[in-house]
Amino acid sequence: MTRTGQKSKLLSTQEAASYLGVTKDYLRRQIREGSIPSYNIGKETRKTYRIKESDLDAWMNERKVVGRVSDEKVKQWRKRS
């Protein structure tokens with residue numbers, strides 16, 4: 001449940017990618033790497049993921065940048081891409 005006592009909305013990968021402003025491929029990679037929690041509601045042969053909106057908010061808050069980003073951090077991010 002969210003802070004207001006409401007259940008967190010479950011989003012499809014398309015909805016979650018749109019919510020974050022990223023591509024579906026990037027989102028799926030983050031799910032595979034375990035960076036973004038998700039729920040597989042499909043079968044083993046065809047995975048169908050759902051992601052809680054509150055988990056996306058938490059993921060975004062973990063990546064919040066305040067102030068200037070160091071050159072070293074920028075280099076690390078570029079290596080991942």
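A brief report on the enclosed structure follows. (Residues numbered from 1 in each chain as written. Predicted model: local features only at pLDDT ≥ 70, side-chain atom pairs only at ≥ 80, totals over all residues. Heavy atoms only, no water.)

Side note on the overall build of the protein chain
Keep this limit in mind: Helical segments are the DSSP runs of H or I of at least four residues, strand segments are the runs of E of at least two, and each set is numbered from the N terminus. Any two residues whose heavy atoms approach within 4.5 Å are treated as being in contact. Accessible surface area values rest on a Shrake-Rupley calculation with a 1.4 Å probe, where residue burial reflects the displayed protein chains alone.
Secondary structure summary: the protein chain contains 4 helices and 3 strands in total. Its helices and strands in sequence order give the protein chain the pattern β-α-α-β-β-α-α, from N to C terminus. Summarising the internal contacts of the protein chain: among those between residues at least 6 apart in sequence, 46% fall at separations of at least 24. Summed over all atoms, the accessible surface of the protein chain reaches about 6700 Å², with 46% contributed by carbon and sulfur.

Let's talk about the side chain of Thr 13
Rules: Categorising residues by exposure relies on relative accessible area from a 1.4 Å probe, with only protein chains included: less than 20% of the type maximum marks a residue as buried, more than 50% marks it as exposed, and the intermediate range marks it as partly exposed.
The residue Thr 13 is located in helix α1 (residues 13-20) in this model. Thr 13 gets classed as buried once you look at its relative accessible area, which sits at 11%. Not counting the four nearest positions on each side in its chain, Thr 13 is found in contact with Lys 24, Leu 27, Arg 28, Ile 31, Tyr 49 and Ile 51.

Focus on the nonpolar core
Note the threshold: Residues enter a nonpolar core if they are buried and are Ala, Val, Leu, Ile, Met, Phe, Trp, Tyr or Cys, with the set joined through side-chain atoms within 4.5 Å.
In this structure, Leu 11, Ala 16, Ala 17, Leu 20, Leu 27, Ile 31, Ile 36, Tyr 49, Ile 51, Leu 56 and Trp 59 together form the largest nonpolar core, which totals 11 residues. Elements represented by at least two residues in this core include exactly α1, α2 (24-32), β3 (49-52) and α3 (53-62). Broken down by element, the residue count for this core peaks at 3 residues, all from α1. Ignoring any residue separated from it by four or fewer positions in sequence, one finds Ala 16 in contact with Leu 11, Leu 27, Ile 51 and Leu 56.

What about a positive patch on the surface?
Applicable threshold: Distance thresholds for patches are 9 Å for like charges and 5 Å for nonpolar side chains (Val, Leu, Ile, Met, Phe, Trp, Tyr), applied to residues having over 30% relative accessible area and no salt bridge. Here a salt bridge means any side-chain nitrogen of Lys or Arg lying within 4 Å of a carboxyl oxygen belonging to Asp or Glu. This count recognises Lys and Arg as positive and Asp and Glu as negative, with His and chain-terminal groups excluded. Where a charge lies is defined by one atom per residue type, namely NZ (Lys), CZ (Arg), CG (Asp) and CD (Glu).
Where like charges cluster on the molecular surface, the positive patch consists of Arg 28, Arg 29, Arg 32 and Arg 46. Here Arg 32 lies in helix α2.

With respect to the environment of Leu 10
Locating Leu 10 in the fold gives a position in strand β1 (residues 10-11). With residues up to four places along the chain from it excluded, the contact list for Leu 10 reads Glu 15, Tyr 39, Arg 50, Ile 51 and Lys 52.

A word on the side chain of Ser 12
Tracing the sequence through the fold places Ser 12 in the loop between β1 and α1. When neighbours within four sequence positions are excluded, Ser 12 is seen to be in contact with Tyr 49, Arg 50 and Ile 51.

Purely geometric stuff here, so don't read any function into it on its own.
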